[in-house]
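# Survey of secondary and tertiary structure
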Amino acid sequence: MGLIKTCENSSNSNGDGSKSGSWRMGSLIRKKQVDSVHITRRDTHLQLAKKLSVFDLIAIGVGATIGAGVYILVGTVAREHAGPALTMSFLIAGIAAALSAFCYAELACRCPSAGSAYHYTYICIGEGVAWLVGWALILEYTIGGAAVARGITPNLALFFGGEDNLPTFLARHTIPVVGIVVDPCAALLVIIVTVLLCIGIKESSSAQMVVTTINIGALLFIITAGGYLGFKTGWAGYKIQSGYFPFGINGMFAGSAIVFFSYIGFDSVTSTAEEVKHPQRDLPLGIAIALSICCILYMLVSVVIVGLVPYNAMDPDTPISSAFSSYGVQWAVYIITIGAVTALFASLLGSILPQPRILMAMARDGLLPSFFSDINKNTLVPVKGTVATGIFAAALAFFMDVSQLAGMVSVGTLLAFTTVAASVLILRYVPPDEMPLPSSLQGSIDSVSLQFGCNIAESDSRISGSPGSCETDGQFLHVKGEIHHPLILGGTALEKRSELTRRKIAAWAITFVCLGILAFASAASVEVLPSILRLSFCGVGGALLLCSLIVLARMKQDNGRHSFGHTGGFACPFVPFLPAACIFINTYLLIDLGAATWIRVSVWLVIGALVYALYGRKHSSLSDAVYVPSAYANEIYLHSSGSLA
Ligand SMILES: NC(=[NH2+])NCCC[C@H](N)C(=O)O
């Protein structure tokens, strides 16, 4: 049953929002429309302040991305995986990150919202996966922020001559009996960042700009001073016997999987989408420039460091400072430490900034309490969500050494990157078309039916457009006996039918692309399986992936430039190959995180599933929505505005 059934369900709901069994499954795949915030909630909320320019976005992106990664990872990765080819590892990881950046750039243009990956997933894939992404991002930003804050203390202590000399109120203490090491300095830094974020987005981005400029200055110092030393002393690191690839090409790729971590963070830019003055132009530019700056800096730093010190003599903990010390340039250590502290501070701000915005987007959709969607009328930022995030992250940073949980931090980002790439495929081949309306508008539907001379009747599940839309098959209309799809309201009956078939084939092809990648990547990484089994899985997965990609490549697609009410903007190139490569890389990295990380993450995800089942599902804005085609929704909305007034 389609639309009519949905209406009945809504009116039968027993006040607490509980629905029939089939609707319960349906809640996981229900989707929202780009501007559904305004339609479903008759939004009276304040909007965030639109103050950010492309320079602010670059500062936010670079600041959030450059962190401990480049200051620490170069040592271990050069020593154990890549050797002097570390530069190539950074390049490959940068290209992999750029694939995600392309996908983010298109979606940020087409659906600019503070919810970022959560929001795109909700529109393209459905509520269940969107919740999962939002919930995983909470883990990432909060634990990530707390971990970064803890990392600042030892670096800061270097200015005082070691941790023992830190002022008592900043020094780490061990609580007797329980043996917990508390870190007041880390908690204080989180609080400072939280206060800054509450003051205003422009103020926060200006602070980020200052801190990031100092950090870039330190990296430029490393590059120029290191380059000078290298030219003067003959680049000892490049003269070793084992050549440029001591661990072979495999080592270089293994290294790029590890240094990929240093590119995480540029996605923070997209969570400011509602605060950008010209989102369609500035979001893609901001993401691209931020990522390019990081990639160039990382490659130059690595060229210099592996050239100064032979890879096998590199210090795994403080590779950059040790490289300068080994040439007798002790004072450089201070500059490098300033760089590390500012990089970590900016990374902390980059972690705490997106969190309240994603919470706000989830609360607007009813999946979290409205407390989080509150915007302060003076500063026009989500102050309550920011304070809640800050208190939680500060408590974590104070009490826990969260570095053990570092692997969990990447899950949120990689999951988000994967679903964002899948969302691009869906938007291009099977653009979502439902327009959720609150049940209060149901009364208007009949009159609109009359006005259109059409009968919004039971739809035909045989012609549903995608696996994901079967449940909400009310998107199809029978108009005077013919089947009409909102996207193909023009054209002959034959054309309409063939468009519906195209959508169906595309939907299955996208599903098979994802399944093929999953099979291939799992078989390639799970070494405990017998090799014959691994090979067969890889073969089946690869064949599935290849066939589905060929099918998609031959299909008509939306060009990504004129949907959802605006034209222009950025369109991701090489669809479907680029998003598929992006899904592949991120799935591979997700599996590569290892069983222990996944077991820990599962605990968090199970808690998330419970919260969704007990709260989100019932309170979702879409739980009182009926589905009508977007082509008619505006008419219904306009028609009903009189009766609602
Ligand atoms: N949102 C995050 N997970 N932030 C962590 C960013 C890590 C950063 N790229 C680094 O190299 O340290």
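Residues numbered from 1 in each chain as written. Predicted model: local features only at pLDDT ≥ 70, side-chain atom pairs only at ≥ 80, totals over all residues. Heavy atoms only, no water.

## Description of the overall build of the chain
Test applied: Only DSSP runs of H or I covering at least 4 residues are called helices, and only runs of E covering at least 2 are called strands; the numbering of each starts at the N terminus. Here's how the labels work: a residue is buried when its accessible area is under 20% of the maximum for its type, exposed when over 50%, partly exposed in between, all with a 1.4 Å probe on protein chains only. Contacts between residues were defined by any pair of non-hydrogen atoms, one from each residue, lying within 4.5 Å. In this description, accessible areas are obtained by the Shrake-Rupley approach with a 1.4 Å probe, and a residue is regarded as covered only by the protein chains that are shown.
Of the regular secondary structure elements, the chain holds 23 helices and six strands. Burial statistics for the chain: of 645 residues in total, 56% are counted as buried. Sequence separation of at least 24 residues holds for 82% of the intrachain contacts in the chain that already meet a minimum separation of 6. As presented, the chain carries roughly 25,200 Å² of accessible surface, and 67% of it is formed by carbon and sulfur atoms.

## Remarks on helix 20 (residues 531–553)
Put simply, the rule is: Every helix has an expected span of 1.5 Å times one less than the residues it contains.
Over its 23 residues, helix 20 extends 32 Å from the first C-alpha to the last, a length consistent with the 33 Å expected when each residue adds 1.5 Å. By the burial criterion, the buried members of helix 20 are Cys-538, Gly-541, Leu-545, Ser-548, Leu-549 and Leu-552.

## A few points about the site of the ligand
For clarity, the threshold we go by: Here a residue is near a molecule or strand as soon as one of its heavy atoms is found within 4 Å of it. Polar contacts, as counted here, are pairs of nitrogen or oxygen atoms within 3.5 Å of one another; within protein the pair requires one atom able to donate a hydrogen and one able to accept it, and residues that are adjacent in sequence qualify only if both atoms are side-chain atoms.
Around the ligand, the surrounding shell consists of Ala-64, Thr-65, Gly-67, Ala-68, Gly-69, Glu-140, Tyr-141, Phe-261, Ser-262, Ile-264, Ser-351 and Val-409. Take Glu-140: an N or O atom from its side chain is 2.7 Å from a nitrogen atom of the ligand. Backbone polar atom of Phe-261 to a nitrogen atom of the ligand: 3.0 Å apart, as the coordinates give it. For the ligand, whose unbound accessible area comes to 350 Å², protein coverage reaches 96%. Mapped by element, the contributors of at least two residues to the shell around the ligand are helix 4 (54–65), helix 5 (68–82) and helix 8 (127–157).

## Description of the packing of aromatic side chains
Under the convention used in this document: Only rings of Phe, Tyr and Trp enter the pairing, Trp through its six-membered ring, and a pair is recorded when the two centres are within 6.5 Å. The plane angle decides the type: under 30 degrees is stacked, over 60 is edge-to-face, the rest tilted.
Tallying each qualifying case throughout the model produces 23 aromatic pairs. Measuring from ring centre to ring centre gives 5.1 Å for Tyr-263 and Tyr-298, while their planes differ by 70°; the resulting arrangement is edge-to-face. Of this pair, Tyr-263 sits in the loop between helix 11 (248–259) and helix 12 (279–308) while Tyr-298 sits in helix 12, and the two are 35 residues apart along the sequence. With respect to burial, Tyr-263 and Tyr-298 carry one shared label: buried. Aromatic pair Phe-266 and Phe-417: ring centres 5.4 Å apart, planes at 40°, arrangement tilted. Placement of Phe-266 in the loop between helix 11 and helix 12 and of Phe-417 in helix 17 (residues 406–429) is noted, with a sequence separation of 151 residues between them. With respect to burial, Phe-266 and Phe-417 carry one shared label: buried.

## Focus on helix 8
An ideal rise of 1.5 Å per residue puts 45 Å on 31 residues; helix 8 measures up with 46 Å between its terminal C-alpha atoms. In terms of residue burial, helix 8 counts as a mostly covered element, since 24 of its 31 residues are buried.

## Considerations on the pattern of salt bridges
Quick note on the threshold: By definition here, a salt bridge exists when the distance from a side-chain nitrogen of Lys or Arg to a carboxyl oxygen of Asp or Glu is within 4 Å.
Applying the stated rule across the entire model yields ten salt bridges. We note a salt bridge from Arg-357 to Glu-275, for which the minimum N-O separation is 2.8 Å. Residue Arg-357 is found in helix 15 (residues 354–364), and its partner Glu-275 is found in the loop between helix 11 and helix 12; the two are separated by 82 residues along the sequence. A residue is classified by how much of its surface remains accessible, and Glu-275, at 0% relative accessible area, is buried. Bridged by salt links that share partners, the residues Glu-106, Arg-110 and Arg-428 form one connected network.

## As for unusual backbone geometry
Generally, phi is negative for residues other than glycine and the peptide bonds are trans, each holding for most cases. Cis peptide bonds are those with omega within 30 degrees of zero, and the linkage from Val-575 to Pro-576 qualifies with 10°. In this structure, Pro-576 sits in the loop between helix 20 and helix 21 (577–592). Positive phi is not limited to glycine here, since Ser-116 has a value of about 50°. Position of Ser-116 relative to the elements: it lies in helix 7 (residues 116–124). Unusually for a residue other than glycine, Leu-380 sits at a positive phi of about 55°. Inspection of the secondary structure puts Leu-380 in the loop between helix 15 and helix 16 (383–399).

## Some points on the packing of helix 8 against helix 16
Where we set the bar: Orientation is described by axes fitted as lines to C-alpha atoms, over the contacting stretch for helices, and by angles from 0 to 180 degrees between their N-to-C directions. Angle categories: roughly parallel below 35 degrees, roughly antiparallel above 145, roughly perpendicular from 65 to 115, and oblique for all the rest. Each crossing is labelled by how the near helix is turned from the far one, with a counterclockwise turn of less than a right angle marking it left-handed and a clockwise turn marking it right-handed. Polarity classes work like this: nonpolar for Ala, Val, Leu, Ile, Met, Phe, Trp, Tyr, Cys and Pro, charged for Asp, Glu, Lys and Arg, and polar for all others, with Gly in that last group.
Here helix 8 crosses helix 16 at 45°, and the two axes come no closer than 8 Å. As summarised for this structure, helix 8 and helix 16 are arranged oblique, according to the angle between their axes. Crossing of helix 8 over helix 16 shows right-handed handedness. Of the residues in helix 16, those touching helix 8 at Thr-142, Ile-143, Ala-146, Ala-149 and Arg-150 are Phe-392, Ala-393, Leu-396, Ala-397, Phe-398 and Phe-399. Along the lines of polarity and charge, the residues of the contact of helix 8 with helix 16 split into nine nonpolar, one polar and one charged.

## A closer look at the environment of Leu-515
With respect to the element layout, Leu-515 can be found in helix 19 (residues 493–525). Spatially, the C-alpha atom of Leu-515 lies 7.9 Å from that of Leu-544, the residues being 29 residues apart in sequence.

## Re a nonpolar patch on the surface
The following threshold applies: Exposure above 30% relative accessible area and the lack of any salt bridge qualify a residue for a patch; like charges then connect within 9 Å, and the nonpolar side chains Val, Leu, Ile, Met, Phe, Trp and Tyr within 5 Å.
A cluster of nonpolar residues, Phe-159, Phe-160, Val-210, Ile-214, Trp-331, Tyr-334 and Ile-338, forms a patch on the protein surface that exposes about 690 Å² of accessible area. When contributions to the nonpolar patch are tallied by element, the ones reaching two or more residues are helix 10 (201–233) and helix 14 (332–352). For Ile-338, a relative accessible area of 36% puts it in the partly exposed group.

## Side note on the nonpolar core
Operational definition: Definition of nonpolar core: a set of buried residues of the types Ala, Val, Leu, Ile, Met, Phe, Trp, Tyr and Cys, connected through side-chain atoms within 4.5 Å.
Core analysis: the biggest nonpolar cluster contains 165 residues, and Tyr-71, Ile-222 and Phe-324 have the highest contact counts within it. Once residues lying within four places of it in the same chain are set aside, the contact partners of Ile-222 are Tyr-71, Gly-227, Val-301, Val-304, Ile-305, Ile-320, Phe-324 and Ile-336.

## A few points about the packing of helix 6 (residues 86–110) against helix 7
At a minimum axis separation of 10 Å, helix 6 and helix 7 run at an interaxial angle of 70°. Viewed along their axes, helix 6 and helix 7 adopt a mutual orientation that is roughly perpendicular. Only Ser-116, Ala-117 and Tyr-120 of helix 7 make contact with helix 6, whose side of the interface consists of Tyr-104, Leu-107 and Ala-108. By residue class, the composition of the contact of helix 6 with helix 7 is five nonpolar, one polar and no charged.

## A short note on the confidence of the model for the chain
So the rule is basically this: Residue-level confidence of the predictor is summarised by pLDDT, bounded by 0 at the bottom and 100 at the top.
Mean pLDDT over the chain stands at 80; residues scoring 70 or higher make up 79%. Counted against residues more than four places away or in other chains, residues 36–43, with its pLDDT under 50, gives 22 contacts. Taken together, the chains of this predicted complex give a pTM of 0.82 and an interface ipTM of 0.97.

## Some remarks on the side chain of Ser-351
Within the secondary structure layout, Ser-351 lies in helix 14. In this view, Ser-351 contacts Tyr-141, Gly-144 and Gly-145; residues no more than four positions away in its chain are not counted.

## Let's talk about the environment of Tyr-141
Within the secondary structure, Tyr-141 is located in helix 8. Along the chain, Tyr-141 and Leu-353 lie 212 residues apart, while their C-alpha atoms are 8.7 Å from each other. The contact partners of Tyr-141, leaving out residues within four places of it in the chain, are Asp-267, Ser-351, Pro-354, Gln-355 and Ile-358.

## Focus on the state of the cysteines
This is how the line gets drawn: Any pair of cysteine sulfurs within 2.5 Å is marked as a disulfide.
Scanning all chains against the criterion turns up zero disulfides. Summary of cysteine pairing: Cys-111 is not part of a disulfide, and the nearest cysteine sulfur, belonging to Cys-124, is at 5.8 Å. You can call Cys-111 buried: its relative accessible area is 0%. Judged by its relative accessible area of 2%, Cys-124 falls in the buried class.

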